[in-house]
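Here's the letter readout for the chains.
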Amino acid sequence: MSRTEAIAVDVSGAAPLSIRAGLLAIPVAAGELGDRRGRLRELDRRLGGHLLAAVRAERFEAKAGELLVLPTLGRLPAERVALLGMGARADGGEEAGFEPLRMAAGRAARAARGGLLAVALPELAPGRIAAAARAVAEGALLGAYRFEAYRREAKRAPRPFDRLAVVVPGPQARAAEVRAAVELGGALAGAVAWARDLVNLGPSECTPTRLASAAARLAADAGLECTVRGPRQIAALGMGMFQGVTRGSAEAPRLVTLVHRPRGAAARRRPVVLIGKAITFDSGGLSLKPTESMVTMHSDMAGSAAVVAAMKVVAALAPPFPVVGLFGACENMPGGRAYKPSDVLTAFDGQTVEVTNTDAEGRLVLGDLLAWAAATWKPAAMIDVATLTGACMVALGPTTAGLLGPDGPVVDAVAAAARRAGEDVWRLPLVEALAEQLKSERADLKNTGDRMGGAISAAHFLAAFARGTPWAHLDIAGPSHAAKERGYVPAGGTGFAVRTLVEFVRGWKPT
Ligand code: BES
Ligand code: MN
Ligand code: ZN
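Note that this is a predicted model, so its numbers are computed, not measured.

Around the manganese ion (ligand 2), the donor atoms from the protein are Asp-282 (OD), Asp-359 (O), Asp-359 (OD) and Glu-361 (OE), and they sit 2.1 to 2.2 Å away. Of note is the manganese ion (ligand 2), whose six donor atoms meet at the metal with angles of 71 to 168° in an arrangement that counts as irregular. Within one chain, the residues donating to the manganese ion (ligand 2) are spaced in sequence as D-x76-D-x1-E. The metal-metal distance between the manganese ion (ligand 2) and the zinc ion (ligand 3) comes to 3.2 Å, with Asp-282 coordinating both. Given the relative accessible area of 0%, Glu-361 is considered buried.

Shown next as structure tokens:
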């Protein structure tokens, strides 16, 4: 579907101006435009003074997000050059996980017109080259992504470039660290594209069964253990909340587990467990959503796509501790058998839950999975990723994920991982007083609190099932889906959280 995986990626130590590319892209910070020496002057000289003339004519100020593309008309081996505005970020935004550089590379990818895309790095200290090169590879490959499955052949856009060269200073080009970083960037971009493809499918195609078989196929290819359970096994496990949510749907639910198990004694270490929300369509159930809110609810399985995609990269990295990825896939539908507001469900761990709103379904499925995972694997760390609440988008806007959980090393490590990965994550507090909102007159808990602080009360609900297990919750309701394209992010499914999860696993110190 997506064609990013077919793009060959290379690290080049050649002088940028000597590269025979379709498009040569060069990051430019605002301060560099007036610089009398530097590489822009050299480029301008080679282009007979036309570069700086074009900069003035187009009023290019190198603001973040700005792009200036010029044909070289035979004056350079490259057919076209692109200046990528970086604003004040002369270092590519290292403190933000090189996200500004990643965004710029994504814009360069969109501007390419076939052949080789060569992207130069900003001038950086040698110790920073590997991480910057990885960000460029990710940005360019992710920017090349298109979802064309539903477009007829004649209307499909051609791939924007066939090969990518990440251009680094000569001596760095053979450094194993740089090559490994670019390779990891390519693997991550491929995994993110895999997640985006699934999120972009229509909900009648991406059913729980289809989602499970996609995960099973990925597991087989990656060498992960995989178990797929159906409705009878879910019932036998006693997951009453998960079962409640599935009841209105004609599609059978699936409980899917993927395991990376290292060889030898390391297999006995306590695992990292990643759990994704996998509602393949969220109509709201009997607490039906209005049409406008329902049209993006095919993406309510984005958390599970991110978890499975991350497991693909985890398998390749093969860390010396077990990593488990799991999700409970089902639809949330109205119907004659649907669960009802005022039903009381019994969770895996025996807690009873009064349903006050059938549209708060994600926390019900996740509650069962958190309790089950905690009991089954005794995780060293447990992270759930979920398109859980509209309230999180009200709090943080559409591009930032909420991070919640008890103070401790897992929440801290997720925040640090997101920063290194260049994904926008912000912590919200588990305000103790809001836990009261989930008290029920009829059962141990109810599934909704008040409208205000909705992302927090949802996290409190999950906390009641995670209990003592070290745990963090990522609410990706906003960033999992983009209304329109920006940088390397196309409209539609974004694959958000894949990079953060992989970075978390890379940074995790087993105990
Ligand atoms: N899947 C939605 C949350 C969501 C909303 C994700 C918008 C992406 C964009 C979730 O199941 C839901 O419906 N949450 C309710 C909770 C409420 C009933 C307490 C919500 O946010 O309105
Ligand atoms: Mn819902
Ligand atoms: Zn939902």
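Let us look at the domain arrangement of the chain. The domains assigned to the chain are domain 1 (8–168) and domain 2 (196–507). Look at where the C-alpha atoms of domain 1 and domain 2 centre, and you get two points 37 Å apart. Summed over both partners, the interface of domain 1 with domain 2 comes to about 1,500 Å²; 50% of that surface belongs to carbon and sulfur atoms. Broken down residue by residue, the surface that domain 1 buries against domain 2 is led by Arg-110, Tyr-145 and Tyr-150, which jointly contribute 35%. The closest approach of N and O atoms between Glu-138 and Arg-499, which form a salt bridge, is 3.6 Å. Here domain 1 is connected to domain 2 by 12 residue pairs in polar contact (both at pLDDT 80 or more). At the level of secondary structure, the elements contributing two or more residues to the side of domain 1 that touches domain 2 comprise α3 (99–111) and α4 (129–143). Here the element with the most residues in the side of domain 1 that touches domain 2 is α3; it accounts for six residues.

Here the zinc ion (ligand 3) is held by the protein donor atoms Lys-277 (NZ), Asp-282 (OD), Asp-300 (OD) and Glu-361 (OE), which lie 2.0 to 2.4 Å from it. Considering all six donor atoms around the zinc ion (ligand 3), the spread of angles at the metal, 78 to 171°, places the coordination shape in the octahedral class. The motif formed by the donor residues of the zinc ion (ligand 3), counted along the single chain, is K-x4-D-x17-D-x60-E.

It is worth spelling out unusual backbone geometry at this point. With phi around 45°, Ala-318 is a residue other than glycine that occupies positive phi space. Inspection of the secondary structure assignment puts Ala-318 in the loop between α10 (302–317) and β10 (323–332). The phi dihedral of Lys-378 falls on the positive side, at around 45°, and the residue is not glycine. Tracing the backbone shows Lys-378 in the loop between α11 (362–377) and β13 (381–386).

Reading across from one edge, β11-β12-β16 is the order of the three strands in this open sheet, with mixed pairing throughout. Edge positions in the sheet fall to β11 (344–346) and β16 (445–446), since each of these pairs with one other strand and no more. Relative to β16, strand β12 (residues 352–354) runs parallel, the two being bridged by two bridges. Considered in β16, the bridge of Val-353 is made with Leu-445.

Time to look at the pattern of salt bridges. Enumeration according to the criterion identifies 27 salt bridges in this entry. With a closest N to O distance of 3.8 Å, Arg-39 and Glu-123 form a salt bridge. Placement of the pair is Arg-39 in helix α1 (residues 38–46) and Glu-123 in the loop between β5 (116–120) and α4, with a sequence separation of 84 residues. Overall, the relative accessible area of 63% leaves Glu-123 in the exposed class. When the shortest N-O distance is used, the salt bridge between Arg-134 and Glu-503 registers 2.9 Å. You can see Arg-134 sitting in helix α4 and its partner Glu-503 sitting in helix α15 (residues 498–507), a full 369 residues away along the chain. Grouping residues by exposure puts Arg-134 and Glu-503 together as buried. Among the charged side chains, a salt-bridge network with shared partners connects Glu-99, Arg-102, Arg-134, Glu-138, Arg-420, Arg-499, Glu-503 and Arg-506.

Conventions we followed
Just so you know, the residues in each chain are numbered from 1, in the order the chain's sequence is written. Chain labels run from A onward and ligand labels from 1 onward, assigned in the order the entries are written. In view of the model being predicted, local features appear only for residues whose pLDDT reaches at least 70, and side-chain atom pairs are presented and counted only at 80 or more, with totals across whole chains, interfaces and linings using the full set of residues. With hydrogens and water set aside, each side-chain value is computed from the structure's full complement of heavy atoms. Note that water is not among the atoms considered, so a metal site may appear incomplete; the donors listed are N, O and S atoms within 2.8 Å of the metal, with 3.2 Å applied to Na, K and Ca. Just to be clear on the cut-offs, tetrahedral is four donors with all angles between 85 and 135 degrees, square planar is four donors and octahedral six with opposite donors over 155 degrees apart and all others between 65 and 115, and anything else goes down as irregular. For every residue, the accessible area obtained with a 1.4 Å probe (protein chains only) is divided by the maximum for its type, and the residue is called buried under 20%, exposed over 50%, and partly exposed between those limits. Annotation comment: domain bounds sourced from an automatic or database domain assignment. Note on definitions: buried area is the accessible-area loss of two parts on being combined, 1.4 Å probe, summed for both. By convention in these notes, a salt bridge is any Lys or Arg side-chain nitrogen within 4 Å of a carboxyl oxygen on Asp or Glu. We define a polar contact as two N or O atoms separated by no more than 3.5 Å, with the added condition that, inside protein, one atom must be a possible hydrogen donor and the other a possible acceptor, whereas residues neighbouring each other in sequence contribute only through side-chain atom pairs. Helix numbering and strand numbering both begin at the N terminus, where a helix is a DSSP run of H or I of at least 4 residues and a strand a DSSP run of E of at least 2. Note: two strands are recorded as paired if DSSP finds a minimum of 2 bridges between them.

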